[in-house]
Amino acid sequence: MSTRLIMVLALGATLPALAANADIPAIYVVDLSLQLSEPACLFVVPDGSGPGFAGATVFGGDTVDASFTFRLVDQYGDPIPHYPYEDLWLAGSSLLVDCFGRPCIVADADTDLEGRTSFSLPVRGGGWSTEPMGLFVAGSAAQDPEGAFLEPLPILVHGPDLDGDRAINLADIVLFTIDLAEGTGFRSDLRWDGVINLSDIAIFAQHLGASCE
Ligand SMILES: [Ca+2]
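None of these values were measured; they are calculated from a predicted model. Per-chain numbering applies: the sequence of each chain, read as written, is numbered from 1 onward. The predicted nature of this model means local features are confined to residues of pLDDT at least 70 and side-chain atom pairs, given and counted, to a pLDDT of 80 or more, with totals for whole chains, interfaces and linings taken over all residues.

1. Some thoughts on the nonpolar core
Across soluble globular proteins, nonpolar side chains show a tendency to be buried alongside one another. The criterion, for reference: In this usage, the nonpolar core is the set of buried Ala, Val, Leu, Ile, Met, Phe, Trp, Tyr and Cys residues whose C-beta atoms join them within 7 Å. For every residue, the other C-beta atoms within 10 Å of its own C-beta are counted; 20 or more classify it as buried, 12 or fewer as exposed, and values in between as partly exposed. C-beta atoms are placed from the backbone. Helix and strand definitions here come from DSSP, where helices need a minimum of 4 consecutive H or I residues and strands a minimum of 2 consecutive E residues; each element is numbered from the N-terminal end. With C-beta atoms placed from the backbone, a contact is any residue pair whose C-beta atoms sit within 7 Å.
Ranked by size, the top nonpolar core spans 38 residues in total, and within it Cys 41, Leu 42, Leu 90 and Ile 155 carry the most contacts. Taken together, the elements giving at least two residues each to this core come down to strand S1 (28-30), strand S2 (40-43), strand S5 (68-73), strand S6 (88-91), strand S8 (105-106) and strand S13 (155-158). In this structure Ile 155 touches Ala 40, Leu 42, Ala 56, Ala 66, Leu 90, Pro 132 and Met 133, once residues within four positions along its chain are discounted.

Structure follows, in structure tokens:
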């Protein structure tokens, strides 16, 4: 057999395999466990001293567990394990920022062998988001296996780092004082009950000086 013929045969055998590998597998979100009957607000602090998703609050100040899990599957319904947590985001308003400068909250960990991961841990970050947050997979809005985009999740965010520069300092005191004089405003309503008063001052003061460092 000539060398040329062997090369042609070898190419014929490998090309289909290469074409199959070039297909980008679809990623779908299933089994999303979040069940909130009203919006929940997540409290974030740059030093990570916030309560995490399990300590979110509903309007009025009562605690609600906003932690949740979900699974990633491919187009065959098979789990996608070891998917990197950095590529699984919750994003709402661009005023939200984490300690790495990302305008989002990333998942707790890479997906496990069943393709499952969670959002539950305290967030190290600042800023705020008055909008329900979308779940994103590698920068694209999450889809279910029918290809429909998931509804935004009714989770809002705020915390004492009002300007989102990842430190709670004089600049935040200035903003808080303005909001306190107004008496209302979501970002400084840290005990989320519609008014900015003593209870919010206490929470703000407790975190003064905290930063991402
Ligand atoms: Ca700040």
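That shown, we press on.
2. Re the pairing of S2
Consecutive side chains of a regular strand alternate in pointing toward one face of the sheet and then the other. Put simply, the test is: Strands are treated as partners if at least two bridges between them are detected by DSSP.
Residues Ala 40 and Leu 42 of S2 are buried on one face, and the alternating residues Cys 41 and Phe 43, pointing to the opposite face, are buried as well. As paired elements, S2 and S13 share 4 bridges and run parallel to each other. By the bridge assignment for S13, Cys 41 is matched with Leu 156.

3. Focus: the pairing of strand S11 (residues 134-137)
Pairing between S6 and S11: 4 bridges, direction antiparallel. Following the sheet pairing, Trp 89 is matched in S11 by Phe 136. Where S11 and strand S12 (residues 140-141) come together, 2 bridges link them in antiparallel fashion. Bridge pairing in S12 places Phe 136 opposite Ala 141. Between the antiparallel neighbours S11 and S12 lie 2 residues, among them Ala 138 with a positive phi of about 50°.

4. Some words on the environment of Asp 112
Among the secondary structure elements, Asp 112 is positioned in the loop between S8 and strand S9 (116-119). Remark: the alpha-carbon pair of Asp 112 and Pro 81, spanning 31 residues in sequence, is separated by 5.1 Å.

5. Section: the sheet that holds S1
Note on sheets: strands pair through backbone hydrogen bonds, and any given pair is parallel or antiparallel. Let me state the cut-off plainly: Whenever a helix is involved, its axis is fitted only over the stretch in contact; in every case the axis is a line through C-alpha atoms, and angles between N-to-C directions fall within 0 to 180 degrees.
One open sheet holds the 3 strands; their spatial order is S1-S5-S9, and the pairing between them is antiparallel. On the outer flanks of this sheet lie S1 and S9, each paired with one strand and no other. Between one strand axis and the next, the sheet turns by 40° as a mean value, whatever way the strands run.

6. Structural notes on the confidence of the model for the protein
Heads up, the rule is: What pLDDT reports is the predictor's confidence in each residue, on a scale of 0 through 100.
Overall, the prediction assigns the protein a mean pLDDT of 90, with 89% of residues at 70 or greater. Counted against residues more than four places away or in other chains, residues 5-22, with its pLDDT under 50, gives 1 contact.

7. Some details on unusual backbone geometry
If you check the backbone angles, Asp 31 has positive phi at about 60° while not being a glycine. What makes Asp 31 partly exposed here is the crowd of 13 C-beta atoms within 10 Å. Positive phi outside glycine occurs at Ala 138, with the angle close to 50°.

8. Looking at the sheet that holds S6
The strand order across the open sheet formed by 4 strands is S8-S6-S11-S12, and the pairing between neighbours is antiparallel. A single partner strand is all that each edge strand has here, and the edge strands are S8 and S12.

9. Brief notes about helix H2 (residues 170-182)
The following threshold applies: The span you would expect from a helix comes to 1.5 Å times its residue count less one. As used here, the arc belongs to the directions running from the helix axis to the C-beta atoms.
Between its first and last C-alpha atoms H2 spans 19 Å; for 13 residues at 1.5 Å apiece the expected length is 18 Å, and the two agree. Taken together, the buried positions of H2 are Asp 172, Phe 176 and Asp 179. Taken end-on, H2 shows its buried residues confined to a sector of 65°, consistent with a single buried face. Opposite its buried face, H2 presents the exposed residues Leu 170, Val 174, Ile 178 and Ala 181, each directed more than 90 degrees away. Directly after H2, the chain includes Gly 183, whose backbone phi takes a positive value near 90°.

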